[in-house]
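# Per-entry structural report
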Amino acid sequence: MFLEANDQVDVKERLVLKPVGRNDSDDISRFSDGLCNGGGEEVLIPPLNFAVVDRGIYRSGFPTTNNIGFLETLKLRSIVYLCPEPYPNEMLEYVRSVGIRIFQFGIDGSKESLMSIPNDSIMGALRVLLDIRNHPVLIHCKRGKHRTGCLVGCFRKLQSWCLTAVFEEYMRFAGMKTRISDLRFIEAFDVSCMTECVLGIIYRYHGGCGSQARRLSYSGDLS
């Protein structure tokens, strides 16, 4: 179930991003319909810590209204929201207007992940990710580091990644704020508890860019 590099959505090709190290005032002005540069082109800004997890699955920090133009390019069907707080009204209005479904699994942001992350929440979120009827789907918490990292780490275990690779991916996003308790949670997570869900799905292969990437899909009619 590894996503090969050639099969990842190359979102950057569709973006006009602000040059690194420059201020918004250099060549970007704010309009009622989004951000535009001096030439009138829309500037698409990804959320903090945005990345592709797998085909149809993305991760990030909390998106804001500045990221709406970028989110529209993803054509999201669902959001897996890992914070306990209510979704902000300005973003809630947007997701409702375009028919995006929010799956909220309120996980406390405590550093003691072994105590604060219930298995039921992770299992519920994994079920959403495994059902391609929810794709494209965005996973996010506040910063896209710890809670999102734990969920993605457990997803990688379902994909049979070795723990070394799982931990390296987690630390790439958490950086200096890596939590040992998160790594212990991921290591202790028992993927066999997802057996019933996994038995209800089959593997399908989809060609792309001259190669094939394995993904999960339900065997039922998805039309």
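Refer to the structure above for everything that follows.
Residues numbered from 1 in each chain as written. Predicted model: local features only at pLDDT ≥ 70, side-chain atom pairs only at ≥ 80, totals over all residues. Heavy atoms only, no water.

### Observations regarding the packing of aromatic side chains
To be explicit about the condition: Only rings of Phe, Tyr and Trp enter the pairing, Trp through its six-membered ring, and a pair is recorded when the two centres are within 6.5 Å. The plane angle decides the type: under 30 degrees is stacked, over 60 is edge-to-face, the rest tilted. Numbering of helices and strands runs from the N terminus; a helix is a DSSP stretch of H or I covering at least four residues, while a strand is a stretch of E covering at least two. Buried, partly exposed and exposed residues are distinguished by accessible area as a fraction of the type maximum, computed with a 1.4 Å probe on protein chains only: under 20%, between the cut-offs, and over 50%, respectively.
Summed over the entire model, instances satisfying the criterion amount to 6 aromatic pairs. For the ring pair Phe50 and Phe70, a centre distance of 4.8 Å and an interplane angle of 80° mean the geometry is edge-to-face. Placement of the pair is Phe50 in the loop between strand S2 (34–37) and strand S3 (51–54) and Phe70 in helix H2 (residues 68–74), with a sequence separation of 20 residues. Phe70 matches Phe50 in its accessibility class, with the two residues each being buried. With 6.4 Å between their ring centres and 40° between their planes, Phe185 and Phe189 make a pair best called tilted.

### Some details on helix H7 (residues 163–174)
Operational definition: The span you would expect from a helix comes to 1.5 Å times its residue count less one. What the arc covers is the set of directions going from the helix axis to the C-beta atoms. Any two residues whose heavy atoms approach within 4.5 Å at even a single point are treated as in contact.
For H7, with 12 residues, the first-to-last C-alpha span of 16 Å sits near the 16 Å given by 1.5 Å per residue. Every buried residue of H7 is accounted for by Val166, Phe167, Glu169, Tyr170, Phe173 and Ala174. The buried residues of H7 all sit within an arc of 160° when viewed along its axis, so they share a single face. Across H7 from its buried face, at more than 90 degrees, point the exposed residues Thr164 and Arg172. Residues of H7 that are buried sit in contact with S3, strand S4 (57–60), helix H6 (146–158) and helix H8 (180–188). Gly175 lies just past H7 and shows a positive phi near 60°.

### Re the sheet that holds strand S5 (residues 78–81)
As a reminder, the rule being used: Note on pairing: two strands pair once DSSP finds at least 2 bridges between them. Fitted lines through C-alpha atoms give the axes, limited to the stretch in contact for helices. The angle between two N-to-C directions lies from 0 to 180 degrees.
Strand order in the open sheet formed by 5 strands is S3-S4-S7-S5-S6, with mixed pairing between adjacent strands. Only two strands of the sheet have a single neighbouring strand rather than two, namely S3 and strand S6 (101–104). Along the sheet, successive strands turn relative to each other by an average axial angle of 25°, direction set aside. Bridge count between S5 and S6: 4 bridges; the pairing is parallel. What sits directly across from Ile79, in S6, is Ile102. Here H6 sits on the sheet in contact with S3, S4, S5 and strand S7 (137–140), set at roughly 150° to S4.

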